[in-house]
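Residue-level structural notes
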Protein chains: 2
Amino acid sequence: MSTDKITFLLNWHATPYHAPIFLAQAKGFYKEEGIQVAILEPNDPSDVTEIIGSGKVDMGAKAMIHTIAGSARGFPIESIGTLMDEPFTGVVYLEGSGITTDFRSLKGKKIGYVGEFGKIQIDELTAHFGMAPSDYQAVRVGMNVSDAIKRGEIDAGIGLENVQMVELEEWCKEQGRPPSDVKMLRIDELAELGCCCFCSILYIANKPFLSSHPEKARAFMRAIKKATDYLFTSPREAWEDYKLVKKTMTSAVNEKIFERSFVYMSRDCANVPRDWQKVTSYCKRLGVVPATFKPNMSNSFLSWQLAEQDDAGAEEKQRAIQGYQMQVAKRGEGILGGFEPELGAGVGVGVKRAELVA
Amino acid sequence: MSTDKITFLLNWHATPYHAPIFLAQAKGFYKEEGIQVAILEPNDPSDVTEIIGSGKVDMGAKAMIHTIAGSARGFPIESIGTLMDEPFTGVVYLEGSGITTDFRSLKGKKIGYVGEFGKIQIDELTAHFGMAPSDYQAVRVGMNVSDAIKRGEIDAGIGLENVQMVELEEWCKEQGRPPSDVKMLRIDELAELGCCCFCSILYIANKPFLSSHPEKARAFMRAIKKATDYLFTSPREAWEDYKLVKKTMTSAVNEKIFERSFVYMSRDCANVPRDWQKVTSYCKRLGVVPATFKPNMSNSFLSWQLAEQDDAGAEEKQRAIQGYQMQVAKRGEGILGGFEPELGAGVGVGVKRAELVA
């Protein structure tokens with residue numbers, strides 16, 4: 001006996017930035033669009049592209065670099081939208097660990113990584129900085145990057161500015177340490193990528209599923225767009241709704257992660273072609289895809305006007321986001337306290353993108 | 001491209017009683033048995049039998065009553081073992097809610113239930129007590145039974161003695177109320193079932209998966225048995241290991257749930273034929289399966305000696321467990337504090353079952 005339910009596998013345990021996926025359920029948007037969605041959570045993020053690629057699960061969420069690498073390995077997966085754009089990603093460490101802003105300070109250190117690509121990225125950087133992969137000790141820690149740093153099992157670990165850094169900042173506060181003790185060596189800066197889009201979190205699907213159920217995929221994305229609009233129109237109410245349906249959200253650290261994730265959330269939920277070009281090139285440089293690789297993404301399942309690409313302001317946008325995030329960290333509050341992202345002229349930060357779409 | 005990974009969907013978000021499933025991963029037992037397992041968590045427990053039945057996921061965990069009902073609806077699922085035996089299940093309420101040990105006190109109350117079967121069970125009891133289903137208000141609350149009671153949205157809800165009661169007891173302590181304010185009307189007693197085996201949590205699998213991969217199912221259960229043995233031999237270390245791989249376990253309430261779940265954990269991981277007979281009859285009485293229904297379970301995937309069935313001591317066993325649980329609740333510690341279940345003569349509680357197997 002078959003089921004009409006779309007199975008959707010998150011890239012990580014439920015996290016504040018997954019809000020649109022849960023809100024679409026809680027607010028009845030999936031139902032309005034005539035679909036039923038079973039949201040599943042993994043216990044090993046490295047399972048996700050393989051399970052979706054093999055068709056065991058229909059859809060899910062995954063970072064761009066993994067979506068590209070999974071396709072290159074023969075798993076038929078395609079991105080049909082974006083959940084979160086370019087969250088700052090890098091080597092997260094604590095003041096006093098002996099690590100500095102100089103990448104070479106990682107020599108002799110234990111660096112934690114989630115799956116295999118974090119290690120591939122660091123290994124590639126070692127050559128760039130006159131080191132070898134053997135100059136540091138890579139420790140696969142899966143979903144436990146922050147905890148492994150807290151326990152002193154690793155000196156640093158690969159993580160996101162809006163997740164692992166926040167977890168460590170809150171822990172520092174508990175320890176009586178300033179949250180500014182948490183630092184990041186940004187991979188985009190070290191690798192001269194111009195953005196952290198390799199870590200953009202995408203909506204992905206099994207390709208045979210897309211071929212046989214294109215209307216389900218379109219309905220799913222319409223529901224997600226409604227939930228995203230609600231998130232931006234009423235962030236406080238949206239956060240309360242999310243906490244009601246997902247009790248693990250009810251914690252001080254998750255509230256902070258919600259606030260720090262807000263600026264990265266995709267407004268139009270679309271794949272950004274410029275970012276795909278950059279990350280495809282980066283993946284070729286890393287040797288994880290062949291030179292002939294074509295981006296496995298499409299915006300054809302989105303039925304609304306997409307934001308215009310604003311190539312010129314990309315760096316300015318990055319700086320504006322960084323500035324806003326530092327303010328949020330310093331003030332101890334963000335969108336939930338009414339502190340909204342400021343808009344630089346022509347910069348595609350948060351609200352600006354929405355205006356382009358509206 | 002296919003995957004060799006077995007997908008395994010929990011019946012609920014990760015909970016302390018899922019320890020063997022996670023320990024088998026953490027201790028490398030799946031790997032030793034030559035299998036890879038992707039542990040997935042649902043966000044709606046009502047999805048589980050449908051998703052496994054449709055073959056979208058290979059295996060999982062589910063309560064006996066749902067496993068039987070899912071099969072009766074045409075989803076080809078089979079139980080191949082037991083994770084947790086007969087946890088006390090019933091209508092959980094707080095002192096002062098107006099509910100008493102008399103079932104009829106539920107009249108006019110709002111009763112929360114998880115999926116549809118809790119409501120079916122309560123509805124059946126209403127007739128028994130001279131009431132109608134319309135005499136109470138049923139509220140479907142999914143995974144949020146305890147929270148809905150805390151928020152006052154429902155007067156009572158269907159839950160487990162070792163999970164929802166513990167959550168409410170810990171909340172009562174925070175509120176300055178005695179934990180003994182948390183009460184339960186046990187469904188097994190009200191319905192004169194003789195055990196709460198309808199709520200035993202089983203290892204289940206998609207039947208076509210079992211037919212095509214019997215060796216994988218056997219290997220899975222061997223790994224689970226190793227993890228279970230480890231849990232009983234070294235409960236403190238096992239709990240530490242579980243917390244390391246699943247950070248949501250690190251909370252005071254989950255530690256208490258671990259201690260209160262310990263006595264229910266199946267030692268030999270086997271289906272109990274007596275319990276299956278009882279619950280099949282109960283399901284016929286509830287009208288959820290036809291009179292011709294045959295139990296969809298097998299112990300043929302287990303390759304060790306199973307505990308002997310001890311029919312005579314069943315009631316005594318229930319009383320012994322209840323006594324132990326009350327002691328654990330009162331002392332505020334259980335197996336982690338070195339307080340082990342006591343053994344009545346001939347009673348199959350905890351350690352006794354293991355002795356029968358060894």
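These figures come from a predicted structure and were not determined experimentally. (Residues numbered from 1 in each chain as written. Chains lettered and ligands numbered in written order. Predicted model: local features only at pLDDT ≥ 70, side-chain atom pairs only at ≥ 80, totals over all residues. Heavy atoms only, no water.)

The next point concerns the sheet that holds strand β6 (residues 110–113) of chain A. Residues and elements named next belong to chain A. With respect to topology, 5 strands assemble into an open sheet ordered β7-β6-β8-β5-β9, the strand pairing being mixed. Either end of the sheet is taken by a strand with one partner, and the two such strands are β7 (137–140) and β9 (182–186). Across this sheet, the average inter-strand angle for adjacent strands is 35°, counted without regard to direction. Where strand β5 (residues 89–94) lies against β9, 5 bridges are found, and the strand directions are antiparallel. Looking at the pairing, Val92 lines up with Met184 of β9. Sheet strands in contact with helix α5 (residues 116–128) are β5, β6, β7 and β8 (156–160), and its direction is about 135° off that of β6. (Pairing = 2+ DSSP bridges. Helix = DSSP H or I, 4+ residues; strand = E, 2+ residues; numbered from the N terminus. Axes fitted to C-alpha atoms, helices over the stretch in contact; angles between N-to-C directions. Contact = heavy atoms within 4.5 Å.)

Mapping chain B onto chain A calls for a rotation angle of 180° and an axial translation of 0.0 Å; the resulting RMSD is 0.0 Å. Here the transformation between the copies is reduced to the relation of a two-fold axis. Of the interface residues in chain B, 100% have counterparts in chain A that sit at the interface too, so the contact is made through matching surfaces. (Least-squares fit on C-alpha atoms with pLDDT ≥ 70 in both.)

Inspection of the secondary structure puts Thr89(A) in strand β5. A polar side-chain atom of Thr89(A) sits 2.8 Å from the main-chain carbonyl oxygen of Pro87(A). (Polar contact = N/O pair within 3.5 Å; in protein donor to acceptor, adjacent residues only side chain to side chain.)

Before going further, it helps to examine the pairing of strand β2 (residues 37–42) of chain B. Burial analysis of β2(B) places 6 of its 6 residues in the buried class, which makes it a mostly covered element. Where burial is concerned, the two faces of β2(B) agree: the one with Val37(B), Ile39(B) and Glu41(B) and the one with Ala38(B), Leu40(B) and Pro42(B) are both buried. Note that strand β2 (residues 37–42) of chain A and β2(B) share 3 bridges and pair antiparallel. Bridge pairing links Pro42(A) to Leu40(B) in β2(B). Of the strand pairs in this sheet, strand β1 (residues 6–9) of chain B and β2(B) are connected by 4 bridges, and their pairing is parallel. Bridging across to β2(B), Thr7(B) finds its partner in Ala38(B). (Buried < 20%, exposed > 50% of the residue type's maximum accessible area, 1.4 Å probe, protein only.)

Below, the discussion takes up the state of the cysteines. Taken as a whole, this structure holds 2 disulfides over all chains when the rule is applied. Here Cys195(A) engages in a disulfide with Cys197(A); their sulfurs sit 1.8 Å apart. One exposure class covers both Cys195(A) and Cys197(A), and it is buried. Not part of a disulfide, Cys283(A) finds its nearest cysteine sulfur in Cys197(A), a span of 10 Å. As a non-bridged cysteine, Cys269(B) has Cys197(B) as the owner of its nearest cysteine sulfur, 18 Å distant. Given a relative accessible area of 1%, Cys269(B) falls into the buried group. (Disulfide = S-S within 2.5 Å.)

By the burial criterion, the buried members of helix α12 (residues 252–261) of chain B are Asn254(B), Ile257(B), Phe258(B), Glu259(B), Arg260(B) and Ser261(B). On its buried face, α12(B) sits against α1 (19–26), α7 (164–174), α10 (214–233), α11 (235–245) and α14 (314–331) of chain B.

Bringing the interface of chain B and chain A into the picture now. Counting from both sides, the interface comprises 36 residues of chain B and, opposite them, 36 residues of chain A. Our count for the contact surface shared by chain B and chain A stands at 10 salt bridges. Glu50(A) is paired through a salt bridge with Lys5(B); the nearest N and O atoms lie 3.4 Å apart. Across the chain B-chain A interface, the total number found is 19 residue pairs in polar contact (both at pLDDT 80 or more). Every element with two or more residues in the side of chain B that touches chain A is listed here: β1, β2, α3 (48–53) and α11 of chain B. Tallying contributions element by element places β2(B) first for the side of chain B that touches chain A, with 5 residues. The residue makeup of the side of chain B that touches chain A, split by class, is 13 nonpolar, 10 polar and 13 charged. (Salt bridge = Lys/Arg side-chain N within 4 Å of Asp/Glu carboxyl O. Nonpolar A, V, L, I, M, F, W, Y, C, P; charged D, E, K, R; others polar.)

A separate point is the sheet that holds strand β9 (residues 182–186) of chain B. Residue and element names in this part refer to chain B. In space, the 5 strands of this open sheet follow the order β7-β6-β8-β5-β9, with mixed pairing throughout. Edge positions in the sheet fall to β7 (137–140) and β9, since each of these pairs with one other strand and no more. Strand after strand, the sheet turns through a mean of 35° between neighbouring axes, direction not considered. Here strand β6 (residues 110–113) pairs with β7 via 4 bridges, running parallel. Along β7, the bridge assignment pairs Ile111 with Ala138.

This part is about helix α4 (residues 64–72) of chain B. Among the residues of α4(B), Met64(B), Ile65(B), Thr67(B), Ile68(B), Ala69(B) and Gly70(B) are the ones counted as buried. In this structure, the buried side of α4(B) is in contact with α3, β3 (59–63), β4 (77–84), α5 (116–128), β10 (201–206) and α13 (273–286) of chain B.

Moving on to the pattern of salt bridges. Residues and elements named next belong to chain A. This structure, assessed with the given rule, holds 60 salt bridges over all chains. Notably, a salt bridge pairs Arg151 with Glu153, separated by 2.7 Å at the nearest N-O pair. Judged by relative accessible area, Arg151 falls into the partly exposed class, the value being 39%. Assessed through its relative accessible area of 39%, Glu153 is described here as partly exposed.

This part is about the packing of α5(A) against helix α13 (residues 273–286) of chain A. Residues and elements named next belong to chain A. Two elements in contact, α5 and α13, have axes separated by 10 Å at closest approach and are oriented at 70°. Here α5 is positioned roughly perpendicular relative to α13, judged by the angle of their axes. Residue-level inspection shows Ile120, Gln121 and Glu124 of α5 in contact with α13, the latter providing Tyr282, Arg285 and Leu286. Tallied by class, the residues present in the contact of α5 with α13 amount to 3 nonpolar, 1 polar and 2 charged. (Parallel < 35°, antiparallel > 145°, perpendicular 65-115°, else oblique.)

Before going further, it helps to spend a moment on the domain arrangement of chain A. Interfaces are often sized by the amount of accessible area the parts lose when they come together. All names here are of chain A. For chain A, the assigned domains are domain 1 (6–86 + 198–337) and domain 2 (89–195). Between domain 1 and domain 2, the residue contacts involve 33 residues of the former and 29 residues of the latter. Summed over the three residues of domain 1 that lose the most area to domain 2, namely Trp12, Phe198 and Arg260, the buried surface amounts to 21% of that side. The interface formed by domain 1 and domain 2 includes 4 salt bridges. One salt bridge in this structure joins Arg260 and Glu161, with 2.9 Å as the shortest N-O distance. Applying the counting criterion to the domain 1 and domain 2 interface returns 11 residue pairs in polar contact (both at pLDDT 80 or more). For the side of domain 1 that touches domain 2, the per-class residue count stands at 16 nonpolar, 9 polar and 8 charged. (Domains from an automatic or database assignment. Buried area = accessible area lost by both parts, 1.4 Å probe.)

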